[in-house]
Amino acid sequence: MKDRKWVIVLALTAALLSGCGEKPTETVYQHLEAAVELEAPFEEQQEPLQAAEVKENELFEDIIALGISDMEKITELADEALASIDSRLAMIETEKESIERSYAEFELIKPVQDEMEDEQLSSLLEELIVAMDNRYEHYQKLYEAYVTAAKEDEALFTMLKQEDLTMEELQAQIDGVNASYEVVAKEKEQFNQYTDEYNEKKRLFYETADLEVRFE
């Protein structure tokens, strides 16, 4: 076992020594692409999140169509919607964890900026860092807005199980839900804009650094 341990240590040492000769642009590239991989769970949540939202809307319409004629069925549908919301909130936490791990990897490029001898590349890297920082900061706002909206959904479906619910109370809650998702839509649009800006800055950096990367 001792011999095997020494082999591992020697291999790691060799890898570290070979890494010392890396160009700053190559180091940046490795961290940026690793950050992309760490965002895979974020991407994977988008389709099931959308599907859950659509299903909850359908459940709401089914409940409204029943009126108060069948409270047992209404409760069953509302509970199904509440379970779906719980699932969405779990997906959002997975999404957030993915974004945060990706950003932590991205931040490893910041010290490399001081090693950039080419002023143009250093300037482009600074723009890239600013774009990603803006994107990350705005994701936090989007996350908070989405969780708030989901909680409003929870309140709505819980309310629908009340036999003494008035139309005024229901309408007020519906208005609250709609208002919260308007905020989500606004924050999502801004986040997507920052994402596009970041991707464009990254493409320009790669091209200027003569990194052979194919963009799709």
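What you see is a predicted model; the values in this text were computed from it and never measured.

Enquirer: It is not clear to me how helix 2 (residues 24–38) should be interpreted in this structure. Could you clarify?
Expert: Residues lying three or four places apart along an α-helix face the same way, a consequence of the helix completing one turn every 3.6 residues. Given a rise of 1.5 Å per residue, 15 residues ought to cover 21 Å, and the 21 Å separating the end C-alpha atoms of helix 2 matches this to within 8%. Where helix 2 is buried, its residues meet helix 4 (71–106), helix 5 (119–159) and helix 6 (167–208).

Enquirer: Where do I start with the packing of aromatic side chains in this structure?
Expert: For any two aromatic rings, the description comes down to two numbers: the centre-to-centre distance and the angle of the planes. Taken as a whole and assessed by the stated rule, the structure comprises ten aromatic pairs. Consider the rings of Phe-42 and Tyr-139, whose centres lie 6.2 Å apart with planes at 80°: the pair is edge-to-face. Linking Phe-42 in helix 3 (residues 40–66) with Tyr-139 in helix 5, this pair joins segments that are 97 residues apart in sequence. A relative accessible area of 0% places Tyr-139 in the buried class. Judged by centre distance (5.9 Å) and plane angle (75°), the ring pair of Phe-106 and Tyr-198 falls under edge-to-face. Of this pair, Phe-106 sits in helix 4 while Tyr-198 sits in helix 6; the two residues are 92 residues apart in sequence, bridging distant segments of the chain. Exposure remark for Phe-106: the relative accessible area of 0% places this residue in the buried category. Note on Tyr-198: relative accessible area 5%, which makes it buried. The ring of Tyr-143 has Lys-96 lying over it, and the distance from NZ or CZ to the ring centre is 5.0 Å.

Rules behind the numbers
Residues numbered from 1 in each chain as written. Predicted model: local features only at pLDDT ≥ 70, side-chain atom pairs only at ≥ 80, totals over all residues. Heavy atoms only, no water. Helix = DSSP H or I, 4+ residues; strand = E, 2+ residues; numbered from the N terminus. Expected span 1.5 Å × (residues − 1). Contact = heavy atoms within 4.5 Å. Phe/Tyr/Trp six-rings, centres within 6.5 Å; stacked < 30°, edge-to-face > 60°. Buried < 20%, exposed > 50% of the residue type's maximum accessible area, 1.4 Å probe, protein only. Lys NZ or Arg CZ within 6 Å of the ring centre and 35° of its normal.

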